[in-house]
Amino acid sequence: MDWQTFTPARGGLRRWLQASGSLSARLAATGQIFSVQVLRQGRQPLTPDESLALGLAGHRMGYAREVVLRVDDQPLVFARSVTAHADSVGAWRSVRGLQSRPLADVLFKRSGISRAPLAYRQLQRHSALQRHVDRSWLAATGFALSHQALFARRSAFTRHGAALLVMEVFAAPARCWRWPEDATLKNIKPRRLR
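Calculation rules
- Sequence positions are assigned chain by chain, starting from 1 and proceeding in written order.
- In keeping with the model being predicted, local features are shown solely for residues with a pLDDT of at least 70 and side-chain atom pairs are shown and tallied solely at 80 or more, while totals for entire chains, interfaces and linings include all residues.
- Hydrogens and water are ignored here; the side-chain numbers use all heavy atoms of the structure.
- Numbering of helices and strands runs from the N terminus; a helix is a DSSP stretch of H or I covering at least four residues, while a strand is a stretch of E covering at least two.
- Put simply, the radius of gyration uses C-alpha atoms, and a globule should come to 2.2 Å times the residue count raised to 0.38.
- The buried label applies to any residue whose accessible area, calculated with a 1.4 Å probe on protein chains only, is under 20% of its type's maximum; exposed applies above 50%, and partly exposed to all values in between.
- Working definition of accessibility: Shrake-Rupley area with a 1.4 Å probe, residue cover restricted to the visible protein chains.
- Within this scheme the basic residues Lys and Arg register as positive and the acidic residues Asp and Glu register as negative, but His and the chain ends are omitted.
- Where a charge lies is defined by one atom per residue type, namely NZ (Lys), CZ (Arg), CG (Asp) and CD (Glu).
- Multiplying one less than the number of residues by 1.5 Å gives the expected span of a helix.
- The arc in question is the one spanned by the directions pointing from the helix axis to the C-beta atoms.
- Contact criterion: two residues are considered in contact whenever any of their non-hydrogen atoms come within 4.5 Å of each other.
- The term salt bridge refers to a pairing of a side-chain nitrogen on Lys or Arg with a carboxyl oxygen on Asp or Glu at a separation within 4 Å.
- To qualify as a nonpolar core, a set must consist of buried Ala, Val, Leu, Ile, Met, Phe, Trp, Tyr and Cys residues joined through side-chain atoms within 4.5 Å.

Quick notes on the overall build of the protein
Step number 1: What the protein contains, in helices and strands, is five helices and eight strands.
Step number 2: Going from N to C terminus, the protein has its helices and strands arranged as α-α-β-α-β-β-α-β-β-α-β-β-β.
Step number 3: Relative to the compact-globule value of 16 Å for 194 residues, the protein shows a C-alpha radius of gyration of 16 Å, a close match.
Step number 4: Along the first, second and third principal axes, the C-alpha set of the protein runs to 45 × 40 × 30 Å.
Step number 5: For the protein, the proportion of its 194 residues judged to be buried stands at 49%.
Step number 6: Summed over its atoms, the accessible surface of the protein is roughly 10,000 Å², and 52% of this surface lies on carbon and sulfur atoms.
Step number 7: Computed over 30 positive and 12 negative side-chain charges, the inter-centroid distance for the protein is 2 Å.

A closer look at helix H5 (residues 128-141)
Step number 1: Its 14 residues place the ends of H5 20 Å apart at the C-alpha level, agreeing with the 20 Å of an ideal helix rising 1.5 Å per residue.
Step number 2: Residues Gln130, Val133, Ser136, Trp137, Ala140 and Thr141 constitute the buried set of H5. Considered in projection along H5, the buried side chains sweep an arc of 130 degrees and stay on one side of the axis. Turned more than 90 degrees away from the buried face of H5 sit Ala128, Arg135 and Ala139, all of them exposed.
Step number 3: On its buried face, H5 sits against strand E1 (33-45), strand E2 (61-71), strand E3 (74-84) and strand E7 (162-170).
Step number 4: Count one or two residues on from H5 and you reach Gly142, which has phi positive near 85 degrees.

Quick notes on helix H1 (residues 11-18)
Step number 1: Looking at H1, one finds that the buried residues are Leu13, Trp16 and Leu17. The buried residues of H1 all sit within an arc of 100 degrees when viewed along its axis, so they share a single face.
Step number 2: Its buried side turned inward, H1 meets helix H2 (23-28), strand E5 (119-122), strand E6 (151-159) and E7.

Topic: the pattern of salt bridges
Between side chains of opposite charge, pairing is possible as soon as their charged atoms come close.
Step number 1: Taken as a whole and judged by the stated rule, the model has eight salt bridges.
Step number 2: Ionic contacts of the salt-bridge type, sharing partners, join the residues Arg40, Glu50, Glu66 and Arg80 into one network.

Looking at the nonpolar core
Step number 1: Core analysis: the biggest nonpolar cluster contains 23 residues, and Leu27, Leu69, Val77, Phe170 and Trp177 have the highest contact counts within it.
Step number 2: Looking at this core, the elements with two or more residues in it are H1, H2, E1, E2 and E3.
Step number 3: Contact partners of Leu27, with chain neighbours within four places excluded, come to Trp16, Phe34, Leu69, Val71, Leu76, Val77 and Trp177.
Step number 4: Phe78, Leu145, Ala152 and Val169 belong to the second largest nonpolar core, which has 14 residues in total.

Right under this line is the structure:
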């Protein structure tokens, strides 16, 4: 299944998937402590799908960062951001120094960055992407994901002509994605970052 301009998800999860702005800020507003657990970061092979989305036909190496986003120590989202390796020392060099800070600190607090529309996908249960997320989630959290197909979204950010592709997989159980009554952008207040 390819990335689509709509999501078949329903209820609160659909609203979370379609929410604009910073996912990290929205998550932080739902609890007391928001944290970013870095799983791996550095030079990594890109998937053919990622290379195509970045306009890197024929290129397979890039710079990737994989994290789990947590609220009050509960893991909620697996995220992977990728760019061409050359761009990780150019337009996107600030991504290298994030450590456990959210990527949103770069994407939504700096000027000159544009965002393409969100695209959505329901991961196939036995796809290479779902297996990668499953393995990463188990290593990060100590427990396996349920065997349900997961929903994901992605978007490309551009700075000085260089693209950074950000994918977020909503891996927590469906019950975690109830849309908060006061989750409008104007009501989002940053919470303590751990």
